[in-house]
Amino acid sequence: MKVITVAKYIDQPAVISKLHSAMPTALVTTGAGVWGYETFYKNKNKKHQIQKGIKNFVTIASAVGASYIGARGLKLGGKTIFKGLLDYTPLKSVLKKQADAIDKFIADKSINDDELINTLKNAKNRQFTLSEVELITERTNGNKKAEKFIKEILPEPENLDSKEIFSEIKRLSLIGLIPVAGGVAGGIISDLLTNTQSKKSLANKVKEGIYQYLANIFLCNVGAGAALYASEKMVKAKLIKPLTPIKKLGVILSGITVTGIIGGSMIANYISKKFIDPIFDKKSQTRGIYSERHPEPLDIALHADDIATAGVLSGFKWIEPALPVMYFISGYRAGIGYRNNYNKH
């Protein structure tokens, strides 16, 4: 089976629609798993489990709710308050469009391939299988009349130009900002409900929110966009050949590494030291820049969302539904005000 066949199979509209439909369940399931792990597994003191359970529930519910609203939007009384930032088309609508495209294609009597026609007829009201994708791709390859049809049922990865790239970065960065802000808000509310609020706790939430957003989300997106923009200019200047989706993915990941992973934590810590700490504790300016927060294994793991971002910017749409789940973790970490010395306190 060819790699391109697998890529087209995963990126077909019906699969993407199903993944979007599964996103809310995955988001809630992940939230429930984090709640159980943080409340009971990591916290063996039964006296504190009730308080911890309440705090975690409020923080997680806020981060999960914000992630969902960011992705799907918010409606009250039939009125749209906020339009979702992820493009979601219900499966029923996707399959209707697919069936209409197939009927129109088959109606063209110039297509003389019984196996292709029978395959399309059998699959027009459902998701294509891997073997069907392979057959359809091979039998329509080089057929100019089939080009438009194929783009409807098995679209190629979008080739974004620099303007579209930065528009996508803005959208993806906002998708990440909303759960982080929701997590911080939920964390503050949970402190108030359990009477555990303090200046230090609030400062840690603000600082961790800045760290998560800058180091794990925003600057990684900026790095991806900058790398793509630079490569586009080099292609126009004929310094390099046009990038394939796979090569574009490599360029994006290199930009993410330099700007986000390496520079993000430094910038976030600098902002915390120079601007956030003085608001809450003037003496904190004497501390070293990395005295409170440095990258940990989970922070590196959270950069898995950068691979998803890279996939989206490379034109692959199937990765997009995973973003709210990945960004929820950053929202939760911000909500609990995680610091490297978190467990000691």
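Just so it is clear, the structure is predicted and the values come from calculations on it, not from any experiment.

Some words on the nonpolar core
Formed by 31 residues in total, the largest nonpolar core has its most connected members in Leu 27, Val 34, Ile 60, Ile 175, Leu 214, Phe 328 and Tyr 332. Breaking this core down by element, the ones donating at least two residues are helix H2 (13-41), helix H3 (46-72), helix H8 (162-193), helix H9 (199-236), helix H10 (245-280) and helix H13 (323-335). For Val 34, the contacting residues outside a window of four places in its chain are Ile 60, Phe 328, Ile 329 and Tyr 332. Formed by 18 residues, the second largest nonpolar core is a distinct cluster that contains Ala 101, Phe 105, Ile 106 and Ile 136.

Overview of the pairing of strand S1 (residues 73-76)
Two elements, S1 and strand S2 (residues 79-83), share four bridges in a ladder whose sense is antiparallel. Opposite Gly 73, over in S2, you have Lys 83 as the bridge partner.

A few points about the packing of aromatic side chains
A full pass over the atoms with the stated rule returns four aromatic pairs. Above the face of the Tyr 88 ring, Arg 72 is positioned so that its terminal group lies 4.0 Å from the ring centre. Above the face of the Tyr 338 ring, Arg 333 is positioned so that its terminal group lies 4.1 Å from the ring centre.

Things to note about the side chain of Ser 190
Looking at where Ser 190 falls in the secondary structure, it is placed in helix H8. We classify Ser 190 as buried; its relative accessible area is 2%. Ser 190 has contacts with Lys 55, Val 58, Thr 59 and Thr 196, leaving out every residue within four places of it along the chain.

What to know about a nonpolar patch on the surface
On the surface, a cluster of nonpolar side chains totalling about 230 Å² of accessible area is made up of Ile 188, Leu 192 and Leu 202. For Leu 192, the location among the structural elements is in helix H8.

Considering the confidence of the model for the chain
When pLDDT is averaged along the chain, the result is 83; 86% of the residues meet or exceed 70. Scored below 50 in pLDDT, residues 285-290 makes 11 contacts in the model with residues more than four places away or belonging to other chains.

Overview of the environment of Gly 183
Mapping Gly 183 onto the fold places it in helix H8. Along the chain, Gly 183 and Ala 61 lie 122 residues apart, while their C-alpha atoms are 8.4 Å from each other. Among all residues touching Gly 183, those that are not within four sequence positions of it are Thr 59, Ser 62, Ala 63, Gly 331 and Gly 335.

Quick look at the side chain of Thr 39
Inspection of the secondary structure puts Thr 39 in helix H2. A distance of 2.7 Å separates a polar side-chain atom of Thr 39 from the backbone oxygen of Trp 35. Contact partners of Thr 39, with chain neighbours within four places excluded, come to Gln 49, Lys 52, Gly 53 and Asn 56.

Brief notes about H2
Between its first and last C-alpha atoms H2 spans 40 Å; for 29 residues at 1.5 Å apiece the expected length is 42 Å, and the two agree. All of the buried residues along H2 are Ala 14, Val 15, Ile 16, Ser 17, His 20, Met 23, Leu 27, Gly 31, Val 34, Glu 38 and Thr 39. Packing partners of the buried residues in H2 comprise helix H1 (3-10), H3, helix H4 (91-107) and H13.

Overview of the pattern of salt bridges
The full count for this structure, using the stated rule, is 10 salt bridges. With a closest N to O distance of 3.0 Å, Asp 113 and Arg 139 form a salt bridge. Residue Asp 113 is found in the loop between H4 and helix H5 (114-123), and its partner Arg 139 is found in helix H6 (residues 130-140); the two are separated by 26 residues along the sequence. Taking relative accessible area as the criterion, Asp 113 reaches 18% and is therefore assigned buried. Residue Glu 320 is joined to Arg 171 by a salt bridge in which the shortest nitrogen-to-oxygen separation is 2.7 Å.

Focus: unusual backbone geometry
Even without glycine at this site, Asn 195 takes up a positive phi of about 55°. Its location among the elements puts Asn 195 in the loop between H8 and H9. When its relative accessible area of 63% is taken as the criterion, Asn 195 is described as exposed. Not every positive phi belongs to a glycine, and Lys 238 is a case in point at roughly 60°. For Lys 238, a relative accessible area of 74% translates into the label exposed.

Concerning H4
Between its first and last C-alpha, H4 extends 24 Å over 17 residues, near the 24 Å set by a 1.5 Å rise per residue. Within H4, the full set of buried residues consists of Val 94, Leu 95, Gln 98, Ala 99, Ala 101, Ile 102, Phe 105 and Ile 106. Angularly, the buried residues of H4 cover 165° about the axis, an arc narrow enough to put them on a single face. Exposed residues on H4 whose side chains face more than 90 degrees from its buried face are Lys 92, Lys 96, Lys 97, Lys 104 and Ala 107. At its buried positions, H4 is contacted by H2, H5 and helix H7 (144-153).

Rules behind the numbers
- Residues numbered from 1 in each chain as written.
- Predicted model: local features only at pLDDT ≥ 70, side-chain atom pairs only at ≥ 80, totals over all residues.
- Heavy atoms only, no water.
- Core = buried A, V, L, I, M, F, W, Y, C linked by side-chain atoms within 4.5 Å.
- Buried < 20%, exposed > 50% of the residue type's maximum accessible area, 1.4 Å probe, protein only.
- Helix = DSSP H or I, 4+ residues; strand = E, 2+ residues; numbered from the N terminus.
- Contact = heavy atoms within 4.5 Å.
- Pairing = 2+ DSSP bridges.
- Phe/Tyr/Trp six-rings, centres within 6.5 Å; stacked < 30°, edge-to-face > 60°.
- Lys NZ or Arg CZ within 6 Å of the ring centre and 35° of its normal.
- Patch = residues over 30% accessible without salt bridge, like charges linked within 9 Å, V, L, I, M, F, W, Y side chains within 5 Å.
- Areas by Shrake-Rupley, 256 points an atom, 1.4 Å probe, with all protein chains shown as cover.
- Salt bridge = Lys/Arg side-chain N within 4 Å of Asp/Glu carboxyl O.
- pLDDT = per-residue confidence, 0-100.
- Polar contact = N/O pair within 3.5 Å; in protein donor to acceptor, adjacent residues only side chain to side chain.
- Expected span 1.5 Å × (residues − 1).
- Arc of directions from axis to C-beta.

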